[in-house]
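# Tertiary structure, described
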Amino acid sequence: MRGAGALLVLLFCLSGTWAQGQSGGVRENDITLQGHSEQGESSNNGGSDIWAQLKALRDKVQSMGTILVEQRVEMRYMGNRLTASESQVEELKRDNAALETRLSVSERLGEELKRDNAAQAAALSAMGARVTASESQVEVLKTENAAQAAELSALGSQVEELKRENTDRPKVAFSAGLTNSGKVGPFNTETQLIYTKVFTNVGNTYNPNTGIFTAPVRGVYYFRFSMVSYETALLGGLNMYRNGQIILHNGQFYNAGNEYVCNGVTLHLQKGDTVHMRLPNGWAVYDDDSNHSTFSGFLLFPM
Ligand SMILES: *[C@@H]1O[C@H](CO)[C@@H](O)[C@H](O)[C@H]1NC(C)=O
């Protein structure tokens, strides 16, 4: 720009000096750019070449001035654009700084998340191990439970069986006194004793009409008796029978009144076996409403 301006000034100076030198009396005003060159041309035929050259030069200078003006406008415009670009660059720098800040924050967050992730993974793995352990414990407990359930069921059926046994278990117990009418015997033959005063007869296994007990089930039974003498100088006693077989024979000589003979025995009986008392031939037994002479028995247990 500055160079171009200097060139223009130089051109004006040169043209002025040169024109003065060639035309002698021609004033500087006559060759100014605004001057009337037609007059000069027509009045100075000798310098027409120079005038033409000057005119061309002037036109050139004029067009260069125009170009310079245009360039100045262009440069102003470019300057404006440069300023705008610079402020855009500043803006972009600021944006960049903001983005960098955000990026570093994001990176920090990323690191934090990584750490959190690792911690969570570790916790998950620990929980997984615990779950596995619990599951195997559950399996063990299930097995134990199943075994206990089986045991319980077995116990339950045992209880049921025991209940049934208890319910079905025959209840057998009897006790009876001989008579209220005093002395029985002596007879010429061994005689069946019929205890007519029934105290107890659970299960109705004792027959007070025959004096015979009949076992309702196979099992172990206990029997006992008592008898008393009353009159002196009599043989007192009795025999116990299972079916037709004598089990025991107990007795004494009556030297005085109220002497007792008592005994008991445990017998393993088959179902339908009978037990009863007999008065030996020639012997006697006594009883009255004091119930001296009794016959009793009960089932200990079936088997
Ligand atoms: C003898 O047995 C009968 C029948 O159980 C009873 O009523 C009576 O009181 C008994 N006699 C004595 C003296 O205990």
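Use the structure listed above.
Nothing here was measured: the structure is a model prediction, and the numbers come from that model.

With that out of the way, let us pick up the site of the ligand. What surrounds the ligand is the set Phe 199, Asp 289, Ser 290 and Asn 291. Contact between the ligand and Asp 289: a nitrogen atom at 2.7 Å from a main-chain N or O atom of the residue. Interatomic distance of 2.4 Å between a side-chain N/O atom of Asn 291 and an oxygen atom of the ligand. Against a free-state accessible area of 360 Å², the protein chains account for coverage of 36% of the ligand. Classifying every residue of the shell around the ligand by side-chain character gives one nonpolar, two polar and one charged.

Enumeration over the complete set of coordinates arrives at 11 aromatic pairs. Residues Tyr 221 and Phe 223 carry aromatic rings whose centres are separated by 6.2 Å and whose planes lie at 20 degrees to one another, so their mutual orientation is stacked. Relative accessible area serves as the criterion here: at 0%, Phe 223 is assigned to the buried category. Considering the side-chain rings of Tyr 222 and Phe 298, the 5.6 Å spacing of their centres and the 40 degrees angle between planes classify their relative orientation as tilted. Of the two residues, Tyr 222 sits in strand 7 (residues 219-228) while Phe 298 sits in strand 13 (residues 294-302), which places them 76 residues apart along the sequence.

A surface patch of nonpolar side chains, about 350 Å² in accessible area, is lined by Phe 298, Leu 300, Phe 301 and Met 303. Mapped onto the elements of the fold, Phe 301 is located in strand 13. For Phe 301, a relative accessible area of 38% puts it in the partly exposed group.

This part covers the environment of Lys 271. Along the polypeptide, Lys 271 turns up in the loop between strand 10 (260-269) and strand 11 (274-279). Relative accessible area serves as the criterion here: at 62%, Lys 271 is assigned to the exposed category. Each C-alpha atom of the pair Lys 271 and Val 217 lies 4.3 Å from the other, and the pair is 54 residues apart in sequence. The contact partners of Lys 271, leaving out residues within four places of it in the chain, are Ala 215, Pro 216, Val 217 and Arg 218.

Cut-off values and rules
- Residues numbered from 1 in each chain as written.
- Predicted model: local features only at pLDDT ≥ 70, side-chain atom pairs only at ≥ 80, totals over all residues.
- Heavy atoms only, no water.
- Near = heavy atom within 4 Å.
- Polar contact = N/O pair within 3.5 Å; in protein donor to acceptor, adjacent residues only side chain to side chain.
- Areas by Shrake-Rupley, 256 points an atom, 1.4 Å probe, with all protein chains shown as cover.
- Nonpolar A, V, L, I, M, F, W, Y, C, P; charged D, E, K, R; others polar.
- Phe/Tyr/Trp six-rings, centres within 6.5 Å; stacked < 30°, edge-to-face > 60°.
- Buried < 20%, exposed > 50% of the residue type's maximum accessible area, 1.4 Å probe, protein only.
- Helix = DSSP H or I, 4+ residues; strand = E, 2+ residues; numbered from the N terminus.
- Patch = residues over 30% accessible without salt bridge, like charges linked within 9 Å, V, L, I, M, F, W, Y side chains within 5 Å.
- Salt bridge = Lys/Arg side-chain N within 4 Å of Asp/Glu carboxyl O.
- Contact = heavy atoms within 4.5 Å.

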